Each structure stands twice: as C-alpha cells, then as structure tokens.
Amino acid sequence: MTETATTRRQQLLSIAAGLFAEKGFKNTTVRDIADAAGILSGSLYHHFDSKESMVDEILSTFQAELFGQYDEVLASDVDARTKIERAVRVSFEAIDRHRHEVAIFQNEADYLGGFERFGYLAERNAQSRQVWMTLLDEGVRTGVLRPDLDVELVYRFIRDTVWVAVRWYRPGGELTHRTVADQYLTIILDGIAKETPHG
C-alpha cells in the first residue's frame, strides 16, 4: 500500500470514527461516511469491505495502543500508588487523544460484542479489570492503600468515573487532560473532605 493510500485510509477511519461516536454505529451508513469524505460509496469499498471492518480497525488499533501503555505501567519498577496514578493518567490521555474511539467503545461494545468478529472486546474488558485489580491489590498488599478497601468496588468506581468523562471532556478546552487527571487522583487517593483536627 502506498503512503498516499495509507494516509487516505487513516483519513477515512478518522471520519468514520467521528460519525460512529456522534450518530452511533447502527445509525451511520456507508453512504454517510462517503458523503462526509466527499467521495462516492463505491470508492469507499476500495479501502474497506464494510463499516464493520472500519469500526473493527478503529477499536482494535486504539485498544492495542492503550493496553500496551497499561502493560508498561504494570511492568514499571515504581510503587503501587505511582502505578495507579500513571494508569489514571494514561486513561485520561486516551480520552484526550482518542475521544471518538473511547466513545465508540463505551457506547457500542455491548452491541458489537454480539458479533463473533468483535469477541475481543469482552476479552479487553476482562483485561482492563485485571489491570486495575492487580494495581489495587498491590496497593493494599504493600500498604499504600487502606487494608479495608473492597478492591472490586474501587475498581468499578474508577472505571465508571474515569471513562464516563468522555461524555463531557473536550480536547483543547479550558481543562487539560492532565488537570482533570490531577483532580481525579486527588479525589480517588486523598478524598474530598477537609481534614479536621481531633481532640
């Protein structure tokens, strides 16, 4: 594949990702994608055989990058709190850099997971749980997190509060992904209540 064809392919995937995130996968047609790209539907089929192929490539490429970064965090030689902080930052960076991909996964994983070719989405969900449970278990075991934590509940809280941010966070807006990550980490690790003197 020539460099020009590769670039065009990436452009088409980017256009499709925006439409899938905005309109929903089921509500987006091949014609919608072609119209947005300024080409005929038939021309799109020179690059992809279906919109399923497009969303497959969008999600699998994004998730390979994301979980590669999580693997680096898990393998790093730092304390558990620092690993948790890095994992949260990786997640918010993903929302910043791959907003459409995150939105598609959040909105469409259950629907797409019903098709055999998207079976890996459930595997990625299980892998994500394993990443966070490993980090939280290590935090409790090494004493950087409280011993009375229900790590399963904490994992669900982190998962739901971090990834739902894709619904309101806007790249290039007043809040950077680093600022949002800082605030989330303060809430998660230090709480929001002001310390009061005892006695």
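Conventions and cut-offs
- Residues numbered from 1 in each chain as written.
- Predicted model: local features only at pLDDT ≥ 70, side-chain atom pairs only at ≥ 80, totals over all residues.
- Heavy atoms only, no water.
- Helix = DSSP H or I, 4+ residues; strand = E, 2+ residues; numbered from the N terminus.
- Buried < 20%, exposed > 50% of the residue type's maximum accessible area, 1.4 Å probe, protein only.
- Contact = heavy atoms within 4.5 Å.
- Areas by Shrake-Rupley, 256 points an atom, 1.4 Å probe, with all protein chains shown as cover.
- Salt bridge = Lys/Arg side-chain N within 4 Å of Asp/Glu carboxyl O.
- 1 Å grid on protein atoms, 1.4 Å probe; cavity = no way out; pocket = protein on both sides within 12 Å on 5 of 7 lines; lining within 4 Å.
- Points joined across faces, edges and corners; volume = space filled by probe spheres on them.
- Lys, Arg positive; Asp, Glu negative; His and termini not counted.
- Expected span 1.5 Å × (residues − 1).
- Arc of directions from axis to C-beta.
- Polar contact = N/O pair within 3.5 Å; in protein donor to acceptor, adjacent residues only side chain to side chain.
- Core = buried A, V, L, I, M, F, W, Y, C linked by side-chain atoms within 4.5 Å.

Here's the deal with the overall build of the chain
Line of reasoning, step 1. The helix and strand inventory of the chain stands at nine helices and zero strands.
Line of reasoning, step 2. The order of α-helices and β-strands along the chain, N terminus first, is α-α-α-α-α-α-α-α-α.
Line of reasoning, step 3. Principal-axis analysis of the C-alpha atoms gives the chain an extent of 75 × 35 × 30 Å.
Line of reasoning, step 4. Among the 199 residues that make up the chain, the fraction classed as buried is 39%.
Line of reasoning, step 5. Summarising the internal contacts of the chain: among those between residues at least 6 apart in sequence, 68% fall at separations of at least 24.
Line of reasoning, step 6. By element, 50% of the accessible surface of the chain is carried by carbon and sulfur atoms, the whole surface being about 11500 Å².

Topic: the pattern of salt bridges
Line of reasoning, step 1. Using the criterion set out here, one finds 13 salt bridges in the structure.
Line of reasoning, step 2. Taking the shortest distance from any N to any O, the salt bridge between D160 and R159 comes out at 2.9 Å.
Line of reasoning, step 3. Using a relative accessible area of 29% as the deciding quantity, one classes R159 as partly exposed.
Line of reasoning, step 4. Shared partners join several salt bridges into a network, and the residues in it are R81, E85 and D190.

Examining the layout of surface pockets
Line of reasoning, step 1. Considering only enclosed or pocket space, the largest pocket measures out at about 350 Å³ in volume.
Line of reasoning, step 2. Around the largest pocket, the lining comprises 17 residues; the ones closest to its centre are F105, Q106, N125, R159 and W163.
Line of reasoning, step 3. Elements supplying a minimum of two residues to the lining of the largest pocket: helix 4 (51-75), helix 6 (99-112), helix 7 (120-141) and helix 8 (151-163).
Line of reasoning, step 4. Quantified by volume, the second largest pocket comes out at close to 270 Å³.
Line of reasoning, step 5. L145, R146, L149, I188 and L189 are the residues nearest the centre of the second largest pocket, which is lined by 14 residues in total.
Line of reasoning, step 6. Those elements that provide at least two residues to the lining of the second largest pocket are helix 8 and helix 9 (177-190).
Line of reasoning, step 7. Considering every element that reaches the lining of the second largest pocket, the biggest residue donor is helix 9, with four residues.

Some details on the side chain of K51
Line of reasoning, step 1. In this fold, K51 is placed in helix 4.
Line of reasoning, step 2. No salt bridge is formed by the buried K51, whose closest oppositely charged neighbour, E52, lies at an N-O distance of 5.3 Å.
Line of reasoning, step 3. Those residues within four positions of K51 in sequence are excluded, and the remaining contacts are F20, F25, K26, T28 and V30.

Section: helix 8
Line of reasoning, step 1. Relative to the 18 Å expected for 13 residues at 1.5 Å per residue, helix 8 spans 18 Å between its end C-alpha atoms, a close match to the ideal helical length.
Line of reasoning, step 2. Inspection of helix 8 places V151, V154, Y155, I158, V162 and W163 among the buried residues, and these make up the whole buried set. Take helix 8 and look down its axis: the buried residues cluster within an arc of 130°, on one side only.
Line of reasoning, step 3. Considering only its buried residues, helix 8 is in contact with helix 4, helix 5 (80-97), helix 6, helix 7 and helix 9.
Line of reasoning, step 4. Put simply, D150 is the residue that caps the front of helix 8, since its side-chain oxygen is 3.2 Å from the backbone nitrogen of E152.

Digging into the nonpolar core
Looking at soluble globular proteins, one finds that nonpolar side chains tend to be buried together.
Line of reasoning, step 1. Of all hydrophobic cores here, the largest spans 34 residues; its most connected members are L66, Y70, F92, I95, W132, L136 and W163.
Line of reasoning, step 2. Looking at this core, the elements with two or more residues in it are helix 4, helix 5, helix 6, helix 7, helix 8 and helix 9.
Line of reasoning, step 3. Broken down by element, the residue count for this core peaks at seven residues, all from helix 5.
Line of reasoning, step 4. For F92, the residues in contact, after removing those within four places along its chain, are V162, A165, H177, V180, A181 and Y184.

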